[in-house]
Amino acid sequence: MRLCLEPKVEPLFHPDSYGYRPGRFDSVPHDLVLRAVRRHTDERWILLYVERWLKAPLQQEDGTLVPRDRGTPQGSSISPLLANLFLHYTFDVWLEKRFPNVHFERYCDDAVVHCKTEKQAQFVRAAVARRLAQCGLELHPDKTRIVYCKDENRSGRYANERFDFLGYTFRPRRAKAKAGKLFVNFLPAVSNDALKEMGRELRSWRLNCRSDKSLDDFAHMFNKVVQGWINYYGRFYRSGLVPLLRRINTYLVRWAKRKYKRLRGHTTRAKRWLVGVARRSPTLFAHWRLVRPDGWTMGAE
């Protein structure tokens, strides 16, 4: 069913809306979801199965069934499509018609709306809150904020001067102009929450304890993950990744001390050994293109 419906609705989605995460649409009214689907298909079997999916009872851990009159079912392949279609009409299309000069980006149910003044931002926020309430949703009371995008030309003070979006923290940062002059710009860099999550995954690999593995094994096992981090979080203000990438080298030094008898208890000697490996095979690890064991780092921002 998704294969039949998706090609009809996917081209309609706003170019600045992306993705979907489960568990965020438990209050969506079924009748509004069905109305959105009917705008794009008159296939009776599609409408029938969508309605059945929406109204399927929720089974508790003890086996009891709880009737549902709102919310999208979790776990089915069509749930992301239904949720995005619902928000397409609830938010994207409405905002574009109501405020044609206001730009926005939406990822699932997180959105950034760009306003020129605080007064306009307050007006738009109130209008969005009313619109969502009409459609069975509400603004998150803690995450919904008006943020002052402070930079070289906007030097005022405001309670909120930063925000997180898609794993990045947007805030005032030093930047360098083409002529080499430093100035303040409102820029993204990897967020603390994203760094903590990557750090947890890095610790879970237990590199320093896996003396049964070789450096080639580690490169094969983890390069794709690390390169993914660099590709995504390194697009802006790449220096924010440097402390995390240096930790990988630290774990490799500890691994070498455990694996090789001649390096046990000799941290400096183990560091020199790893530097030598990096010089002979500079592309062995994905992060060595940015942070080498000898302390060299590529670029600043």
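On a predicted model such as this, the values are computed, not experimentally measured, just so you know.

**Student:** Which residues make up helix H3 (residues 44-55), and what values go with them?
**Tutor:** Helix length check: H3 (12 residues) gives 17 Å between terminal C-alpha atoms against 16 Å at 1.5 Å per residue, within 8%. Taken as a whole, H3 has its buried residues at Ile 46, Leu 47, Val 50 and Leu 54. The buried residues of H3 occupy one face: seen down the axis, they fall within an arc of 95°. For H3, the exposed residues set more than 90 degrees away from the buried face come down to Arg 44 and Arg 52.

**Student:** Would you mind going over the environment of Gln 227 in detail, with residue names and values included?
**Tutor:** Among the secondary structure elements, Gln 227 is positioned in helix H7 (residues 215-233). With residues up to four places along the chain from it excluded, the contact list for Gln 227 reads Ala 286 and Arg 289.

**Student:** Which residues make up helix H5 (residues 118-134), and what values go with them?
**Tutor:** With 17 residues, H5 extends 25 Å from end C-alpha to end C-alpha; this agrees with the ideal 24 Å at 1.5 Å per step. Buried within H5 are the following residues: Ala 121, Val 124, Ala 127, Val 128, Arg 131 and Leu 132. Angular distribution of buried residues about the axis of H5 spans 135°; they occupy a single face of the element. Along H5, the residues that are exposed and aim more than 90 degrees away from the buried face are Lys 119, Ala 133 and Gln 134. Where H5 is buried, its residues touch helix H4 (79-98) and strand E5 (110-113). One or two steps after H5, the chain reaches Gly 136, where phi turns positive at roughly 85°.

**Student:** Before we move on, could you go through the pattern of salt bridges and cite the residues and values that matter?
**Tutor:** When the charged atoms of two side chains lie near each other, side chains of opposite charge can form a pair. Across all of its chains, the model carries 4 salt bridges by this definition. Across the salt bridge formed by Glu 197 and Arg 200, the nearest N and O atoms sit 2.8 Å from each other. On the criterion of helical spacing, the pair formed by Glu 197 and Arg 200 is a turn pair, its members being 3 residues apart in helix H6 (residues 192-205). Looking at Arg 200, the relative accessible area reads 44%, which means it is partly exposed.

**Student:** Residues and numbers for a nonpolar patch on the surface, please.
**Tutor:** The grouping of Trp 45, Leu 48, Tyr 49 and Trp 53 at the surface amounts to a nonpolar patch, some 380 Å² of accessible area in total. Here Trp 45 is to be found in helix H3.

**Student:** Quick rundown of the pairing of E5? Include the residues and the values.
**Tutor:** Note that strand E4 (residues 104-107) and E5 share 4 bridges and pair antiparallel. Bridged to Glu 105 within E5 is Val 112. Linking E4 to E5, which pair antiparallel, is a turn of 2 residues; within it Cys 108 sits at a positive phi near 55°.

**Student:** Any details on the sheet that holds strand E7 (residues 168-176)? Residues and values, ideally.
**Tutor:** In spatial order, the strands read E6-E7-E8; together these 3 strands make up an open sheet with antiparallel pairing. Among the strands making up the open sheet, the edge pair consists of strand E6 (163-165) and strand E8 (182-190). Neighbour-to-neighbour, the strand axes of this sheet turn through a mean angle of 50°, independent of strand direction. Bridging between E6 and E7 involves 3 bridges; their strand directions are antiparallel.

Thresholds, definitions, all that
- Residues numbered from 1 in each chain as written.
- Predicted model: local features only at pLDDT ≥ 70, side-chain atom pairs only at ≥ 80, totals over all residues.
- Heavy atoms only, no water.
- Helix = DSSP H or I, 4+ residues; strand = E, 2+ residues; numbered from the N terminus.
- Expected span 1.5 Å × (residues − 1).
- Buried < 20%, exposed > 50% of the residue type's maximum accessible area, 1.4 Å probe, protein only.
- Arc of directions from axis to C-beta.
- Contact = heavy atoms within 4.5 Å.
- Salt bridge = Lys/Arg side-chain N within 4 Å of Asp/Glu carboxyl O.
- Patch = residues over 30% accessible without salt bridge, like charges linked within 9 Å, V, L, I, M, F, W, Y side chains within 5 Å.
- Areas by Shrake-Rupley, 256 points an atom, 1.4 Å probe, with all protein chains shown as cover.
- Pairing = 2+ DSSP bridges.
- Axes fitted to C-alpha atoms, helices over the stretch in contact; angles between N-to-C directions.

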